[in-house]
Amino acid sequence: FGFRNPATGALEGFDVDIARQIAGAIFGDPNRVEFRVVEAGQREAVLQSGEVDVVVRTFSINCARKQKVAFSTVYFNADQRILVRKDSGIDSAAGLAGKRACAVSGTTSLAKLYGLDPRPAVIGAPTWTDCLVMLQQGQVDAIGTDGVVLAGLAAQDPNVEVVGASLGVEPYGVGIKKENEDLVRFVNGMLERIRTDGTWQRLYDERLQPLGPSPGPPPARYQD
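Keep in mind the model is a prediction, meaning the values are calculated, not measured. (Residues numbered from 1 in each chain as written. Predicted model: local features only at pLDDT ≥ 70, side-chain atom pairs only at ≥ 80, totals over all residues. Heavy atoms only, no water.)

Novice: So what exactly am I meant to see when it comes to the packing of helix α1 (residues 14-27) against helix α7 (residues 181-196) here?
Specialist: The geometry of a pair of packed helices is captured by two quantities: the angle between their axes and the separation between those axes. Look at α1 against α7: their axes get within 10 Å of each other, and the N-to-C directions meet at 110°. By the angle between their axes, α1 is roughly perpendicular relative to α7. Between α1 and α7, the contacting residues are Ile18, Gln21, Ile22, Ala25 and Ile26 on the first element and Leu183, Phe186, Val187, Met190, Arg193 and Ile194 on the second. Here the contact of α1 with α7 is composed, by residue class, of nine nonpolar, one polar and one charged. (Axes fitted to C-alpha atoms, helices over the stretch in contact; angles between N-to-C directions. Helix = DSSP H or I, 4+ residues; strand = E, 2+ residues; numbered from the N terminus. Parallel < 35°, antiparallel > 145°, perpendicular 65-115°, else oblique. Contact = heavy atoms within 4.5 Å. Nonpolar A, V, L, I, M, F, W, Y, C, P; charged D, E, K, R; others polar.)

Right, here's the structure in full:
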């Protein structure tokens, strides 16, 4: 969903493409966007402070977050899964009993892991690559988060794999400062356009084919 191409140095990914679609709709130039590196736990804070105008970073919509920031309509639904070493013997969430599982601090993934029964020992880390290093070094037994993130980690290490059924659905939205209602409406209009003109499907085909057949764009649901 977001990575730096090692050959070109350019930022790429489905979320990066969505950000460029926003820039293109506002300025007529998809490259007229300034990217900032933001850790998961900082997403609400950088919107509230005005450091960034939008957050497009696998940002799951939930009630607690909606008290602090506004969201666009859902542009992608992700399933939460687990990532393990191929020799671990773990093939489902039930296999995490008595094990150690990593998730990034400030994400909804932590709550999902805490909610498992039996519950693993849950360890927080600053980034998903930190979790991957901990898994590689044997400091944790699994990583729990959205399957799209885990697929990106698995692409970096042939010795790990995504296993088990979905632990729940995470709806991604574009985060926007709560006071910027006009920008919320504008982004929703852009998302409606890419749902209907084939752009969303094209981006899926370019970026997310390894996840399997496209589910199609989530239908828009608006709230007063």
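Novice: What is the right way to look at the packing of aromatic side chains in this model?
Specialist: Aromatic ring pairs: the centre-centre distance and the angle between the two ring planes describe each pair. Across all of its chains, the model carries 11 aromatic pairs by this definition. A centroid spacing of 5.7 Å and a plane angle of 20° characterise the contact between tryptophan 200 and tyrosine 204, whose relative ring orientation is stacked. Here tryptophan 200 pairs with tyrosine 204, and both are found in helix α8 (residues 199-207), just four residues apart, close to one helical turn. One exposure class covers both tryptophan 200 and tyrosine 204, and it is buried. (Phe/Tyr/Trp six-rings, centres within 6.5 Å; stacked < 30°, edge-to-face > 60°. Buried < 20%, exposed > 50% of the residue type's maximum accessible area, 1.4 Å probe, protein only.)

Novice: Any chance you could explain the nonpolar core here in plain terms?
Specialist: For soluble globular proteins, nonpolar side chains are generally found buried alongside one another. If you look at the biggest cluster of nonpolar residues, it comprises 53 residues, and the most contacted ones within it are Phe14, Tyr75, Phe76 and Ile143. If near-sequence neighbours (up to four positions away) are discounted, isoleucine 143 is found in contact with Arg81, Ile82, Leu83, Cys102, Trp128, Cys131, Leu132, Leu135, Leu150 and Leu153. If you look at the next biggest cluster of nonpolar residues, it comprises nine residues, including Val38, Val55, Ile61 and Phe71. (Core = buried A, V, L, I, M, F, W, Y, C linked by side-chain atoms within 4.5 Å.)

Novice: Hey, could you run me through the pairing of strand β7 (residues 121-125) in this one?
Specialist: Residues in a regular strand point their side chains to alternate faces of the sheet. For strand β6 (residues 100-104) and β7, the ladder comprises five bridges, and the chain directions are parallel. Note that in β7 the partner of cysteine 102 across the bridge is isoleucine 123. Handedness of the β-α-β unit built from β6, helix α4 (residues 108-114) and β7 comes out right-handed. (Pairing = 2+ DSSP bridges. Right-handed = clockwise from strand over helix to strand, strands pointing away.)

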